[in-house]
Structures are given as structure tokens and as C-alpha cells.
Amino acid sequence: MTRAFYIGRFQPYHNGHQYVLEQIAETADAIVIGVGSAQLSHETENPFTAGERILMITGSLKHIRIPIYVIPIEDIKRNALWVAHVRSMVPPFDIIYSSNPLVMRLFAEESIPVLSPAMYERELHSGTEIRRRILKGEDWEKLVPDAVARVISEIGGVERIRQIARNDCDLNDRPVDRCL
Ligand code: ATP
Ligand code: MG
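Sequence order sets the numbering: in each chain, residues are counted from 1 along the sequence as written. Numbering of ligands from 1 and lettering of chains from A proceed in the order in which they are written. This being a predicted model, a pLDDT of at least 70 is required before a residue's local features are given, and a value of 80 or more before pairs of side-chain atoms are given or counted; all residues contribute to the totals for chains, interfaces and linings. To obtain the side-chain values, all non-hydrogen atoms of the structure were used and water was disregarded.

### Looking at the side chain of R53
Numbering of helices and strands starts at the N terminus; helices are DSSP runs of H or I of at least 4 residues and strands are runs of E of at least 2. Within the fold, R53 resides in helix 2 (residues 50–60). Throughout this description, buried means an accessible area under 20% of the type-specific maximum (1.4 Å probe, protein chains only), exposed means over 50%, and partly exposed covers the range between. This count recognises Lys and Arg as positive and Asp and Glu as negative, with His and chain-terminal groups excluded. Take a side-chain nitrogen of Lys or Arg and a carboxyl oxygen of Asp or Glu: if they are within 4 Å of each other, that pair is a salt bridge. Although R53 is buried, it makes no salt bridge; E52 carries the closest opposite charge, 6.8 Å away. Counted as a polar contact is a pair of N or O atoms within 3.5 Å, where, for protein atoms, one must be capable of donating a hydrogen and the other of accepting one, and residues adjacent in sequence contribute only when both atoms are in side chains. Only 3.1 Å separates the side chain of R53 from the backbone oxygen of L40, close enough to count as a polar contact. Contacts between residues were defined by any pair of non-hydrogen atoms, one from each residue, lying within 4.5 Å. Not counting residues within four places of it along the chain, the set of residues in contact with R53 comprises R9, F10, Q11, V35, G36, S37, A38, L40 and F48.

### Some words on the site of ligand 1
In the vicinity of ligand 1, 20 residues are found, and the nearest of them are F10, Y120, R122, T128 and R131. Taking F10, its main chain carries an N or O atom lying 2.8 Å from an oxygen atom of ligand 1. Residue T128 places a side-chain N or O atom 2.5 Å away from an oxygen atom belonging to ligand 1. When isolated, ligand 1 has an accessible area of 590 Å², and the protein chains bury 90% of it. Those elements that provide at least two residues to the shell around ligand 1 are strand 1 (3–8), helix 1 (15–27) and helix 5 (127–136). Residue polarity is assigned by list, with Asp, Glu, Lys and Arg as charged and Ala, Val, Leu, Ile, Met, Phe, Trp, Tyr, Cys and Pro as nonpolar; anything else, Gly included, falls into the polar class. Taken together, the residues that form the shell around ligand 1 break down as seven nonpolar, 10 polar and three charged. The rule for a residue being near a molecule or strand is that one of its heavy atoms must lie within 4 Å of it. Note on areas: Shrake-Rupley, 1.4 Å probe, and residue coverage restricted to the protein chains presented here.

### Digging into the packing of helix 3 (residues 79–89) against helix 4 (residues 101–109)
At a minimum axis separation of 9 Å, helix 3 and helix 4 run at an interaxial angle of 75°. In terms of orientation, helix 3 lies roughly perpendicular with respect to helix 4. For the pair helix 3 and helix 4, the contacting residues are N79, W82, V83 and V86 in the first and L102, V103, L106 and F107 in the second. For the contact of helix 3 with helix 4, the residue count by class is seven nonpolar, one polar and no charged. Here the axes come from fitting lines to C-alpha atoms, over the contacting stretch only for helices, and the angles between their N-to-C directions go from 0 to 180 degrees. Here roughly perpendicular refers to angles of 65 to 115 degrees, roughly parallel to angles under 35, roughly antiparallel to angles over 145, and oblique to all remaining angles.

This is the structure in C-alpha cells:
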């Protein structure tokens, strides 16, 4: 029984994440997905809530026939303690899949096996590029699973990203009550 762990911020979930998870599903018996920086939303770098991101992920993975657990994980801002924090929040897992060098390092230091999946057309398929395209009114829907485009439409995500970008106070540095 192998339970695999995968973590990202998923702002938004995109075809690169989908490609990796479909591959993991071929070998693992269950998948645990951590939704990182879960407390953040309504910022230009982090526009979607944890709950919205969970809808994107579960909607995109409906066809996968093994158990999938999607767990929000808030930041603790203590890298040396972060792996223990993550493990305290999610079902036990045997292996982590990540291509993020810091994430790989922190798990390896805790003697957890790390596998680094190949990137899927990274120049196009990155959260940063998709948020940029949404903001600029460029084509983005083809870079995400249909379920993600539907969630973004349902919650008015395009308008949200454009409206928060117009704010005269940098919401990435300050919570809303310090931006009034
Ligand atoms: P952002 O630009 O907002 O940081 P991101 O595309 O890097 O978004 P994250 O939500 O940060 O996505 O998720 C990080 C995880 O997703 C990492 O393990 C990263 O390697 C993986 N990942 C991101 N893009 C791709 C891709 N195109 N192909 C495969 N894996 C990817
Ligand atoms: Mg990233």
C-alpha cells in the first residue's frame, strides 16, 4: 500500500499539476494532496481560497479511481518545522512527489523518499503565467482542466483577479484591514 503526497498552492490548479497527478495515480494506491498557503486568498499571487482550490482539484480528478484526500495546510513560516507541521495535518504517506527544490530538501532531510516528476510545458503551465493571462485578458482556459475553468467562472474569479489588482494598497504585504 503506497500513499503518495503532492503539495502546491494551486493558484490555480493547472494542466501541469493534472499531468503529474495522473502519472502518480498509475503507481500509487492513494494520493494525499496538500493545498499550501491555505489561509491566503484575494491577493494577486494567491487569488483563490482553500475551499475554491479544493473544488478545482476534486472536480479535475473525478475520473481517478483511487482514494484522493485534499487537505488545506496553512503556512507556519518555520522551514525547519514545516515537514512536521505538514505531517500533523494529513494522512500518513510513504513518498512525496515534488519538483520544488526547497520542498525536496526539507522532506529529504526528514528521510522521506522524494521523487521529482518531469515538468509539463512549464513556460505555459505555471500558476504565475495563468494569473498573468487572466489579468491581461489573454487566453488561459486551455491551460487548466475544464473543471477549473468552471469553478473560476462560478466564483467570478476573473473579475476578482482584475479587481484586486486595481487596489491602491499592496494586499500581498498587508491584510485588508490595513489597506482601508
Ligand atoms: P506559481 O507560479 O503560482 O508558483 P506553480 O505553477 O509553480 O504556481 P504551485 O501551485 O506552486 O504551481 O505547485 C507547485 C508544484 O507543482 C510543484 O511540485 C511544481 O513542481 C509542480 N508544477 C508546477 N508546474 C508544473 C508543470 N508545468 N508540470 C509539472 N509540475 C508542475
Ligand atoms: Mg510554484
